[in-house]
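Inside the fold
Given next are the chains, with one letter for each unit.
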Amino acid sequence: MSQQQLSSPFVDLFLELCALPSPSGQERVVTDRVTAYLSGLGLEWDEDDAAARLGGDAGNVYCRIPSTNGGGTPIFFCAHTDTVPPEAAIDPVVGEDGVIRNAAGTILGSDNKAAVVVMLEAVRRLLEEGRDHAGIELLFTPQEEVSLRGADAFDHTRFVATTGYVYDQGAAIGEIVLGSPHARLLDFRFHGTAAHAGMHPEDGRSAIAAAAQAIADFRLGRVDDETSANVGVITGGTARNVVPEWCSFTAEVRSQDERKAIELAREMVESAAFAASLVDCEVESEVRPSFPGYRFRESDAPVRIAAEALARAGYTPTYALSGGGADANVFNARGLQCVNLANGMTDIHTPDERISVADLEGMVEVTLALIDVARETK
């Protein structure tokens, strides 16, 4: 790949966006850059009031580009502007191998800024080349990384299109996600009895011991081919020499089969209650939905459009189920058909996160092919 390709305005925009920290709820600086770019293309956009409703600093940005030919299938594209919290500075660099990494040793932010810049660049080329299309809508959401809150807050009835695409799967270009799991969030709070750990330990009832027993009894990790569970955060105690009165932890369950997700969550609640009883503690448990799952068939129209577009762009379509959620989950639950496509991101949410310039360019071609195939599809 030539040095010119490695330093194009398109790549420079990606580097710029990645360098702007935008953890969930703090996306303002990225949102402002996106809206300035849209305005520079002469496009009209608006931002909803999700910032105030969600306690963040940025809302959903929506932009509609009316059809130029009155036929075909209008489509929408969605990308989120937030990232998981970076643990250090972000210094994105392009290596001689054409791969973009963070030289500062934390996340890069290609999830999902790679999709943001691809959407913007594809629309720029579309307008510059005067290409016909059946209608395009763009949505840039905040707070996706915290249970898809931005997309959930968006008024989906504003979409003219009922077919959409997100690029939020860390895998090789060509992979089409046919399904995403149903998820449940679980919160546990154990209540014991405080006591001096050296002088009167027998008077105490350790909430941490109860919580530890519960976690040890849980089926965690890869439970089966469709199901996983995890305990992510645990807090408790007040001092080294005090039997802990309180202990809390958060967990999650995901499964392609909603019945399995519900059943495993119920099993964990029962295990926590039993563990608490063993040491004369009490436990408060709460289970709530995180995001709804969905399932497509290869024969469904949005999937067929994606497969044809990938083929035209030079990629071999493959099919997979995802273990994660994306904004597509929200839209599918609301009766729209939104397909998640892999875009070449690798090791997302880690210090080794990376994406190649070639994959960024490739997804622009895929996007333009999606627009062309949709224009030809009734």
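Report follows, based on the coordinates. Within any chain, residue numbers begin from 1 and follow the written order of that chain's sequence. Under the rules for a predicted model, residues below a pLDDT of 70 receive no local features and side-chain atom pairs below 80 are neither given nor counted, while totals for whole chains, interfaces and linings still include all residues. Side-chain calculation: all heavy atoms of the structure are included, whereas hydrogens and water are not.

Turning our eyes to something else, we now look at the overall build of the protein. Numbering goes from the N terminus for both helices and strands, where a helix is a DSSP run of H or I of at least four residues and a strand is a run of E of at least two. The helix and strand inventory of the protein stands at eleven helices and 19 strands. Taken over C-alpha atoms, the radius of gyration comes to 23 Å for the protein, in line with the 21 Å a tight globule of 378 residues would show. The dimensions of the protein, computed from C-alpha atoms along their principal axes, are 80 × 40 × 40 Å. Considering the protein as a whole, with its 378 residues, one finds that 50% of them fall into the buried category. The reference for a compact globule is 2.2 Å times residues^0.38; the radius of gyration itself is calculated from the C-alpha atoms. Here the term buried applies to any residue with accessible area under 20% of the maximum for its type, exposed to any over 50%, and partly exposed to those in between, with areas from a 1.4 Å probe on protein chains only.

So, on to the nonpolar core. Among buried residues, the Ala, Val, Leu, Ile, Met, Phe, Trp, Tyr and Cys ones that are joined through side-chain atoms within 4.5 Å form a nonpolar core. Judged by nonpolar contacts, the single largest core of 80 residues is most densely connected at Phe 77, Tyr 165, Phe 331 and Leu 370. Here the element with the most residues in this core is helix α11 (residues 357-376); it accounts for eleven residues. In what follows, a contact means two residues having at least one pair of non-hydrogen atoms within 4.5 Å. Beyond its immediate sequence surroundings of up to four residues, Tyr 165 is in contact with Ile 75, Phe 76, Phe 77, Cys 78, Pro 302, Ile 305, Ala 306, Cys 338, Val 339, Leu 341 and Leu 370. With 22 residues, the next largest nonpolar core counts Phe 188, Ala 211, Phe 249 and Val 253 among its residues.

Let's shift gears to the sheet that holds strand β19 (residues 354-356). Taken together, three strands build an open sheet; the order of strands is β4-β5-β19 and the sheet is antiparallel. Only two strands of the sheet have a single partner each, and these edge strands are β4 (92-94) and β19. The mean angle between the axes of side-by-side strands here comes to 25 degrees, regardless of whether they run parallel or antiparallel. Judged from the three bridges that link them, strand β5 (residues 99-102) and β19 form a sheet pairing that is antiparallel. Bridge pairing in β19 links Ile 100 to Ile 355. Lying on the sheet, helix α2 (residues 9-19) is in contact with β4, β5 and β19; it crosses β4 at an angle near 155 degrees. The rule for pairing is simple: two strands pair if DSSP sees at least two bridges between them. Where helices are involved, their axes are fitted lines through C-alpha atoms of the stretch in contact, as for all axes, and angles between N-to-C directions lie from 0 to 180°.

Attention now goes to helix α5 (residues 110-129). To estimate the expected span of a helix, subtract one from its residue number and multiply by 1.5 Å. In this model, α5 (20 residues) spans 27 Å end to end at C-alpha, consistent with the 28 Å of a helix rising 1.5 Å per residue. Taking burial as the measure, the 20 residues of α5 include 16 buried ones, the bulk of the element. At the exit of α5 stands Gly 130, carrying a positive phi of roughly 65 degrees.

Another aspect to go through is the packing of α2 against α5. At their nearest, the axes of α2 and α5 sit 10 Å apart, and the two run at 145 degrees to each other. Considering how the two elements wind past one another, α2 and α5 form a crossing that is right-handed. Contacts between α2 and α5 involve Phe 10, Leu 13, Phe 14, Leu 17 and Cys 18 on the former and, on the latter, Ser 110, Lys 113, Ala 114, Val 116, Val 117, Val 118, Leu 120, Glu 121 and Arg 125. Each residue is assigned to one of three groups, with Ala, Val, Leu, Ile, Met, Phe, Trp, Tyr, Cys and Pro labelled nonpolar, Asp, Glu, Lys and Arg labelled charged, and all others, Gly among them, labelled polar. In terms of residue class, the contact of α2 with α5 is made up of ten nonpolar, one polar and three charged. The hand of a helix crossing depends on one turn: near helix anticlockwise from the far one by less than a right angle means left-handed, and clockwise means right-handed.

What follows covers the packing of aromatic side chains. The criterion for an aromatic pair is that two Phe, Tyr or Trp rings (for Trp, the six-membered ring) have centres within 6.5 Å, with stacked assigned to planes under 30 degrees apart, edge-to-face to planes over 60 apart and tilted to the rest. Taken as a whole and judged by the stated rule, the model has 13 aromatic pairs. Aromatic side chains Phe 76 and Phe 331 sit 5.5 Å apart centroid to centroid with 75 degrees between the ring planes, which places their arrangement in the edge-to-face category. Highlighted residues: Phe 76 in strand β3 (residues 75-80) and Phe 331 in helix α10 (residues 327-333), separated in sequence by 255 residues. Among the aromatic residues, those joined into a cluster by ring pairs are Tyr 62, Phe 76, Phe 154, Phe 159 and Phe 331. Taking the ring centre of Phe 10 as reference, the NZ or CZ of Arg 125 above it sits at 6.0 Å. Whether a charge lies above a ring is judged from NZ of Lys or CZ of Arg, which has to be within 6 Å of the ring centre and within 35 degrees of the ring normal.

Okay, the sheet that holds strand β9 (residues 182-191) next. Strands sit in the order β11-β12-β14-β9-β15 across an open sheet of five strands; the sheet is antiparallel. Each having just a single partner strand, β11 (221-224) and β15 (282-289) make up the two edges of the open sheet. Neighbour-to-neighbour, the strand axes of the sheet open up by a mean angle of 20 degrees, direction not taken into account. Both β11 and strand β12 (residues 227-236) contribute to a ladder of three bridges, which runs antiparallel.

What follows is about the pairing of strand β6 (residues 136-141). Burial of β6 is extensive: six of the six residues sit out of reach of the surface. Burial along β6 is two-sided: Ile 136, Leu 138 and Phe 140 and Glu 137, Leu 139 and Thr 141, pointing in opposite directions, are all buried. As paired strands, strand β2 (residues 61-65) and β6 are joined by five bridges and run antiparallel to one another. Counted as the bridge partner of Val 61 is Phe 140 from β6. Relative to β6, β3 is paired through six bridges, and the arrangement is parallel. Bridge assignment links Phe 76 to a residue of β6, and that residue is Glu 137.

This next bit is on the side chain of Lys 113. Secondary-structure assignment places Lys 113 in helix α5. The buried charged residue Lys 113 lacks any salt bridge partner; its closest oppositely charged side chain belongs to Asp 82, at an N-O distance of 9.0 Å. Polar contacts, as used here, are pairs of N or O atoms within 3.5 Å; protein pairs need one atom able to donate a hydrogen and one able to accept it. Residues neighboring in sequence count only if both atoms are side-chain atoms. At 3.0 Å, the side chain of Lys 113 forms a polar contact with the side chain of Ser 22. Ignoring anything within four residues of it in the chain, the contact list for Lys 113 reads Phe 14, Leu 17, Cys 18, Leu 20, Ser 22, Val 30, Thr 81 and Thr 83. His is not counted, nor are the chain ends; Lys and Arg add positive charge and Asp and Glu add negative charge. By salt bridge we mean one thing: a side-chain nitrogen of Lys or Arg within 4 Å of a carboxyl oxygen of Asp or Glu.

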